[in-house]
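# An overview of the molecular structure
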Amino acid sequence: MRTVLRDVTAWRSYSTVREACGLADTVPLLVHAGPTVDDRCLGAIVAALPRLATYHLAVVEAWTGADRAAVEALLRRAQEVGVGARVHRVIRPRRLTPDFLAAADLAVHGFCRPDGTSPLVPEVFDDYRAAGLKIVAGNARGVREYLVRHGAGEVFATGSLPSFAAAVRRATTVADDADTASTGSTATTTIAPAPTAAPAGPSETPTPWTRLGTGPVRLGLGTANYAGQLAAIATAVCAARADVSAELVMAKPPSSFRYPADVYLHFPTEHHLDVQLDQIRRVLSGYTHLVVDAFRPVLGRINGDDIGGDLPALARAGIKVALLAHGSEIRHPAEHLDRHAESGFRDAPEELRTRLTTVVERNRRIAQESGLPLFVTTPDLLDDVPWATWAPLVVDVDGWACDRPVMERPRPVVLHAPSTRWTKGTDRILPDLQELHDRKLIDFRLVEGMPHDEMRRLVFEADIVAEQFVMGTYGTFACEAMAAGKLVVSYLSETVHERVGIRPPIVSATSTNLVKTIESLIEDRATAARLATGGPGFVREHHDGRRTAAAFDAFLR
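Residues numbered from 1 in each chain as written. Predicted model: local features only at pLDDT ≥ 70, side-chain atom pairs only at ≥ 80, totals over all residues. Heavy atoms only, no water.

## Re the overall build of the protein
Along the backbone of the protein there are 21 helices and 21 strands. Relative to its full complement of 557 residues, the protein shows a buried share of 59%. Carbon and sulfur atoms provide 51% of the accessible area of the protein, an area that totals close to 21,600 Å². (Helix = DSSP H or I, 4+ residues; strand = E, 2+ residues; numbered from the N terminus. Buried < 20%, exposed > 50% of the residue type's maximum accessible area, 1.4 Å probe, protein only. Areas by Shrake-Rupley, 256 points an atom, 1.4 Å probe, with all protein chains shown as cover.)

## A short note on the nonpolar core
The biggest cluster of nonpolar side chains holds 59 residues, and the ones touching the most others in it are Leu 290, Phe 295, Ile 307, Leu 314, Leu 415, Val 459 and Tyr 474. Ignoring anything within four residues of it in the chain, the contact list for Phe 295 reads Asp 306, Ile 307, Leu 323, Leu 324, Ala 325, Glu 329, Ile 330, Asn 363, Ile 366, Ala 367 and Leu 374. In this structure, Val 17, Cys 21, Leu 23 and Ile 135 belong to the second largest nonpolar core, which totals 31 residues. (Core = buried A, V, L, I, M, F, W, Y, C linked by side-chain atoms within 4.5 Å. Contact = heavy atoms within 4.5 Å.)

## Concerning helix H16 (residues 476-483)
With eight of eight residues buried, H16 lies mostly within the body of the structure. Among the residues of H16, Thr 476, Phe 477, Ala 478, Cys 479, Glu 480, Ala 481, Met 482 and Ala 483 are the ones counted as buried. Residue Gly 485 follows H16 closely and has a positive phi angle near 75 degrees.

## Considerations on the packing of H16 against helix H20 (residues 535-543)
Closest axis-to-axis distance for the H16/H20 pair is 7 Å, and the angle between their directions is 130 degrees. Looking at the two axes, H16 sits oblique to H20. On H20, the residues that touch Cys 479, Met 482 and Ala 483 of H16 are Gly 535, Pro 536, Phe 538, Val 539 and His 543. Residues belonging to the contact of H16 with H20 are distributed by class as follows: six nonpolar, two polar and no charged. (Axes fitted to C-alpha atoms, helices over the stretch in contact; angles between N-to-C directions. Parallel < 35°, antiparallel > 145°, perpendicular 65-115°, else oblique. Nonpolar A, V, L, I, M, F, W, Y, C, P; charged D, E, K, R; others polar.)

## Examining the packing of helix H14 (residues 426-438) against helix H18 (residues 514-523)
Closest axis-to-axis distance for the H14/H18 pair is 10 Å, and the angle between their directions is 35 degrees. Considering only the axes of H14 and H18, their crossing is right-handed. Of the residues in H18, those touching H14 at Ile 429, Asp 432, Leu 433, Glu 435 and Leu 436 are Leu 514, Val 515, Ile 518 and Glu 519. Here the contact of H14 with H18 is built from residues that sort into six nonpolar, no polar and three charged. (Left-handed = near helix turned anticlockwise from the far one by under 90°.)

## Things to note about the pairing of strand E1 (residues 29-32)
Every second residue of E1 is oriented toward a common face, with Leu 29 and Val 31 on one face and Leu 30 and His 32 on the other, all of them buried. Here E1 pairs with strand E2 (residues 56-61) via four bridges, running parallel. Residue pairing in the sheet places Leu 29 in a bridge with His 56 of E2. Once the chain exits E1 it traverses helix H2 (residues 42-48) before rejoining the sheet at E2, and the crossover so formed is right-handed. Note that E1 and strand E4 (residues 106-109) share two bridges and pair parallel. (Pairing = 2+ DSSP bridges. Right-handed = clockwise from strand over helix to strand, strands pointing away.)

## What to know about the side chain of Ser 343
Summarising the element assignment, Ser 343 is placed in the loop between helix H11 (333-339) and helix H12 (350-370). Exposure remark for Ser 343: the relative accessible area of 0% places this residue in the buried category. Setting aside chain neighbours within four positions, we find Ser 343 in contact with His 336, Leu 337, Arg 428 and Val 470.

## Describing the packing of aromatic side chains
For the structure on display, the rule yields seven aromatic pairs. Judged by centre distance (5.1 Å) and plane angle (75 degrees), the rings of Phe 156 and Phe 164 are edge-to-face. A residue is classified by how much of its surface remains accessible, and Phe 156, at 1% relative accessible area, is buried. On the basis of relative accessibility, which here comes to 1%, the residue Phe 164 falls in the buried class. Ring geometry for Trp 400 and Phe 460: centres 6.2 Å apart, planes at 85 degrees, overall edge-to-face. Of the two residues, Trp 400 is situated in the loop between strand E16 (389-390) and strand E17 (413-416) and Phe 460 in helix H15 (residues 452-461); the sequence distance between them amounts to 60 residues. You'll find Trp 400 and Phe 460 in the same group, each marked buried. Each residue in the set Phe 125, Tyr 128 and Tyr 146 is aromatic and connected to the rest through ring pairs, giving one cluster. Taking NZ or CZ as reference, Arg 456 lies 4.6 Å from the ring centre of Trp 400, over its face. (Phe/Tyr/Trp six-rings, centres within 6.5 Å; stacked < 30°, edge-to-face > 60°. Lys NZ or Arg CZ within 6 Å of the ring centre and 35° of its normal.)

## Structural notes on a nonpolar patch on the surface
A surface patch of nonpolar side chains, about 260 Å² in accessible area, is lined by Leu 273, Leu 277 and Ile 302. Looking at the secondary structure, you find Leu 277 in helix H9 (residues 273-286). A relative accessible area of 37% means that Leu 277 is categorised as partly exposed. (Patch = residues over 30% accessible without salt bridge, like charges linked within 9 Å, V, L, I, M, F, W, Y side chains within 5 Å. Salt bridge = Lys/Arg side-chain N within 4 Å of Asp/Glu carboxyl O.)

## A short note on unusual backbone geometry
In this model, Gly 222 is joined to Thr 223 through a cis peptide bond whose omega is 10 degrees. Relative to the helices and strands, Thr 223 resides in strand E10 (residues 217-223). The phi torsion at Asn 225 lies on the positive side, around 55 degrees, for a residue other than glycine. You can see Asn 225 is positioned in the loop between E10 and helix H8 (229-240). For Asn 225, a relative accessible area of 0% puts it in the buried group. The phi dihedral of Met 407 is positive, around 65 degrees, even though this residue is not glycine. For Met 407, a relative accessible area of 4% translates into the label buried.

## Re the confidence of the model for the protein
Residues of the protein with pLDDT of at least 70 account for 89%, and the chain-wide mean is 87. With pLDDT under 50 throughout, residues 1-12 is counted as low confidence; its partners more than four residues away or in other chains account for 29 contacts. Overall, residues 189-198 carries pLDDT values under 50, and its contacts beyond four positions in sequence, including any with other chains, amount to 35 contacts. (pLDDT = per-residue confidence, 0-100.)

## Here's the deal with the environment of His 272
Looking at the element boundaries, His 272 is found in the loop between strand E12 (263-266) and H9. With a relative accessible area of 28%, His 272 lands in the partly exposed category.

So this is what it looks like as structure tokens:
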């Protein structure tokens, strides 16, 4: 059994929890820094580690006999379930600083029963947030409300090993919106190990775009790279314009470094002066143009937590700046509720709607007052910012090509793979899809927390992809499914897509008519299959990167 057991006076020699564990930056690391003896679900978290094949857990031990005994019991449990080498005992520093914790990827917490004197939310949660860590915690009311209010992480069904593993994967994906983890009896639920992360710092991996050079247009992009869209845009622009070279900086937890980038930043380090100075030199002296992703700052956090504080310095440097938005950072909850009876914001907790409203109104103010070019990746966002330009989502059309025909099996395979449940309407449609499965009309498969490469295989095996039923447009996953020649069912607003002159080959449905829609597709399989065949051509015309590069062309002149 491998443990990290240090003399209690030797803690000063370890500046971070990762260093104390002796782990490289590439190893996904969970940390638990609250009182171990009080956490009644920490044993289940240890037992769930076999489902998270690449993850290690650091248990920070308090200087008490009770905590020491609790940690020793956990180490024995880890040995029993075969993860003894991945659970590390770390003696608590005299002062638990954000820098010490920030080297981890996620904070975890099980369940502490309040005794009337202890707080409903452990005090260490504030330490986790100060370190920039997302929190995965057991689903207690006070904890859930805290995470929703601060947009600080994910909850899981207390004691459920699959639910914990799925929550960890959701917390390390590109989705920023809060989600509530739940487990239910569904036809097929699939989860898989998270991919190995790339190291922080400059990337040594070749990128598909032209690396930053000395030419006339030196384009910087950063720092969210949601679903790899910045990488796809950089590739498309450089393919269309020989005079453009590019550099992409991605600031995320290391476990999210699976999309291409030139430079990876472990995002809590954006608060560090050396990282800020590196970014200032990189951006102000290296770029002629800059695409700012999701209104995030590009000079570290030296000027605050949004791009507004960086804009004066960028203007003084003479850099042409454009803003890029994808969804919740610019989609106004109240206005979406007014426009769409099916709006997913009806399912979102009030605290989350309030938080998102604050973010959206701040970002709109930045966009309006700055007068900078604004691009959006989905057409529905033109309802929120009508002066913006649509720069379509980009997918690898050839990489998703599939020659497996659809609608030939007696029970078509229906796949639903939400990144965040409330933004897809998952809880509204699950009972209906389960009913169709139980009636043996479909083979329903629910997938959550699946790495992107494994998701491709599951799409190839499907006949129908049920994407989202609450937003009024289609996203990256629908594009990938159409490129694979699958039949996509999703809620679409006709006026949104007419505005940009497109008619996606998607079957529009809502949660109220989904059963009838799928029944009709099964009854008329030939028509359904013909509609699916239109998907690859549509995606190639609008989403292979050429139209997106054209949208950015004037900005790059």
